[in-house]
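The residues making up each chain are set out below.
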Amino acid sequence: MSHARLRRRGAVTDFWPGYVDAMATLLLVVTFLLSLFMLVQYFVTQESSGKDNALAILNKQIAQLTELLALERSGKRSLEDSVSTLSVTLDNSKEESRKLRGSIESEKGRTAEAEGRASSLATKLDEQVKIGAEALARVELLNQQLAALRRQIAALEEALEATEKREKESQTKISDLGKRLNIALAKKVQELSRYRSDFFGQLREVLGARDDIQIVGDRFVFQAEVLFDSGSAEINQGGLVEIDKLGQAIRQLEKQIPGDIAWVLRVDGHTDNRPINRVEFPSNWELSSARAIAVVKRLIDQGVSPRHLVAAGFGEHQPLASGNDDAALRRNRRIELKLTER
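Now for a look at the structure at hand. (Residues numbered from 1 in each chain as written. Predicted model: local features only at pLDDT ≥ 70, side-chain atom pairs only at ≥ 80, totals over all residues. Heavy atoms only, no water.)

**What to know about the overall build of the protein chain**
Right, so step 1: Helices and strands together make up the secondary structure of the protein chain, namely 7 helices and 5 strands.
Right, so step 2: Along the protein chain, helices and strands appear, N-terminal first, in the series α-α-α-β-β-α-α-β-α-β-α-β.
Right, so step 3: Across the 342 residues in the protein chain, those meeting the buried criterion constitute 32%.
Right, so step 4: Put simply, of all contacts in the protein chain between residues at least 6 apart along the chain, 71% involve residues at least 24 apart. (Helix = DSSP H or I, 4+ residues; strand = E, 2+ residues; numbered from the N terminus. Buried < 20%, exposed > 50% of the residue type's maximum accessible area, 1.4 Å probe, protein only. Contact = heavy atoms within 4.5 Å.)

**Some thoughts on the packing of aromatic side chains**
Note on aromatic pairs: each is described by the distance of the centres and the angle between the planes.
Right, so step 1: As enumerated under the stated definition, the model contains 1 aromatic pair in all.
Right, so step 2: When the ring of F220 is compared with that of F222, the centres are 5.7 Å apart and the planes differ by 55°; the resulting orientation is tilted. The two residues F220 and F222 agree in class, both being buried. (Phe/Tyr/Trp six-rings, centres within 6.5 Å; stacked < 30°, edge-to-face > 60°.)

**Topic: helix α6 (residues 284-301)**
Right, so step 1: Between its terminal C-alpha atoms α6 stretches 26 Å, which fits the 26 Å expected from 18 residues at 1.5 Å a residue.
Right, so step 2: Among all positions of α6, only N284, L287, S288, R291, A292, A294, V295, V296 and L299 are buried.
Right, so step 3: Where α6 is buried, its residues contact α4 (224-227), α5 (237-256), β3 (263-270), β4 (309-313) and β5 (334-341).
Right, so step 4: Directly beyond the C-terminal end of α6, a positive phi value near 100° is found at G303. (Expected span 1.5 Å × (residues − 1).)

**Quick notes on α5**
Right, so step 1: Its 20 residues give α5 an end-to-end C-alpha distance of 29 Å, which sits within 8% of 28 Å, the value for a rise of 1.5 Å per residue.
Right, so step 2: What α5 keeps buried is the set G239, L240, E242, I243, L246, G247, A249, I250 and L253.

**Details of a nonpolar patch on the surface**
Right, so step 1: Taken together, L39, Y42 and F43 make up a surface patch of nonpolar side chains, about 330 Å² in accessible area.
Right, so step 2: Along the chain, F43 turns up in helix α1 (residues 2-47).
Right, so step 3: You can call F43 partly exposed: its relative accessible area is 47%. (Patch = residues over 30% accessible without salt bridge, like charges linked within 9 Å, V, L, I, M, F, W, Y side chains within 5 Å. Areas by Shrake-Rupley, 256 points an atom, 1.4 Å probe, with all protein chains shown as cover. Salt bridge = Lys/Arg side-chain N within 4 Å of Asp/Glu carboxyl O.)

**Observations regarding the pattern of salt bridges**
Right, so step 1: Taken as a whole and judged by the stated rule, the model has 7 salt bridges.
Right, so step 2: Among the salt bridges present, the one from R274 reaches D272, with a minimum N-O distance of 3.1 Å.
Right, so step 3: Look at D272 and you get buried, because its relative accessible area is 5%.
Right, so step 4: Here the salt bridges share partners, and the residues they tie into one network are E225, D272, R274 and R333.

**Comments concerning the packing of α5 against α6**
Right, so step 1: For the pair α5 and α6, interaxial distance at closest approach is 9 Å and the crossing angle is 60°. When the axes of α5 and α6 are compared, the pair comes out oblique. When the axes of α5 and α6 are compared, the crossing they make is right-handed. From α5, L240, I243, D244, L246, G247 and I250 reach across to α6, where they touch V295, R298 and L299.
Right, so step 2: Residues belonging to the contact of α5 with α6 are distributed by class as follows: 6 nonpolar, 1 polar and 2 charged. (Axes fitted to C-alpha atoms, helices over the stretch in contact; angles between N-to-C directions. Parallel < 35°, antiparallel > 145°, perpendicular 65-115°, else oblique. Left-handed = near helix turned anticlockwise from the far one by under 90°. Nonpolar A, V, L, I, M, F, W, Y, C, P; charged D, E, K, R; others polar.)

**Points about a negative patch on the surface**
Right, so step 1: Residues E157, E158, E161, E164 and E167 make up a contiguous surface patch of negative charge.
Right, so step 2: Look at E157 and you get partly exposed, because its relative accessible area is 47%. (Lys, Arg positive; Asp, Glu negative; His and termini not counted. Charge placed at Lys NZ, Arg CZ, Asp CG, Glu CD.)

**Some thoughts on the environment of S283**
Right, so step 1: Tracing the backbone shows S283 in the loop between β3 and α6.
Right, so step 2: Each C-alpha atom, one on S283 and one on E316, is 9.7 Å from the other, the two residues being 33 residues apart in sequence.
Right, so step 3: Side-chain polar atoms of S283 contact the side chain of E286, separated by 2.4 Å. (Polar contact = N/O pair within 3.5 Å; in protein donor to acceptor, adjacent residues only side chain to side chain.)

**Let's talk about the nonpolar core**
Right, so step 1: Of all hydrophobic cores here, the largest spans 26 residues; its most connected members are F222, L227, V295 and L299.
Right, so step 2: For this core, the secondary structure elements donating two or more residues are β2 (219-223), α4, α5, β3, α6 and β5.
Right, so step 3: Setting aside anything within four residues of it in sequence, one finds L299 in contact with I243, L246, G247, I250, V304 and L309.
Right, so step 4: Formed by 6 residues, the second largest nonpolar core is a distinct cluster that contains L33, F37, L65 and L68. (Core = buried A, V, L, I, M, F, W, Y, C linked by side-chain atoms within 4.5 Å.)

**Concerning the side chain of E336**
Right, so step 1: Looking at where E336 falls in the secondary structure, it is placed in strand β5.
Right, so step 2: Apart from the residues within four sequence positions on either side, E336 is in contact with R219, F220, V221, R266, V267, D268, H270 and L320.

**Remarks on the pairing of β2**
Right, so step 1: Along β2, 4 of the 5 residues are buried, which leaves the element largely enclosed by surrounding structure.
Right, so step 2: Strand direction decides the pairing type here: β2 and β5, joined by 5 bridges, are antiparallel. Looking at β5, one finds that R219 is bridged to K338. (Pairing = 2+ DSSP bridges.)

Okay, structure coming up:
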């Protein structure tokens, strides 16, 4: 009986070191894997800190591994409790010993499964590292493109500054030219005003002092009756005499005004406000224009250059006097001569 107990105790003593070695090996493997994944996670974090999704996946996997380790530790504590119980009851139950062996085999299977998961996670980790390297390469390419774009923007800004500078210089030159042009025009206008005064003086001398020929502002005014019969656009005999005198004065004026002064004598036809409705003159527009054109043609016949003449018709729309009495209507029927710039 005592020999049998000694043999059973020897069997227990032989089994326990093996079981402890297996558990120690399991713990070392798990600890190594955990250390490995922590180290890999550190390098991955350093290499691709911007890949939050990848890190989140790795953190999740590490959390799973940590949970697995916790399970393993829990299993270890459970096994230790089982070993304590088996140490007390092993002498009386071989069946419990077989259960323990079965439990050990199960634990070995779980260890193998954990090793497989670790291998799979390592493969995924390599893939994530590769993805991180590709992302870093893309970031570098984008940085290069951004640098090139900044250089282009800087060149455009320099070109814009140069253009703005040239534009300011051009505006200054244009402003100076405008001022000089205005001064030149003002001089020409002054010269033309002087010639206008001389011209009107000559006309006054040539035509004589008449109530129906007046100077109004910058215009020399013929009452229509001086040149035309009522409702007609054909110059009458008395009007031809006056227009010929006018042509003589204009020819003299052409000799006096320098060639660099662009001037014209504008002949304006005006009527009163009484409507006219004839085949040749449907309205006062046609009558006033026809009278102005008749005067211009007669002046051309007298040798006045056509480039110095302009004919315009205003109808009844530019009256000198208001009202419908005979005096007002007579005053509004007129031919005006205006010496002006072209």
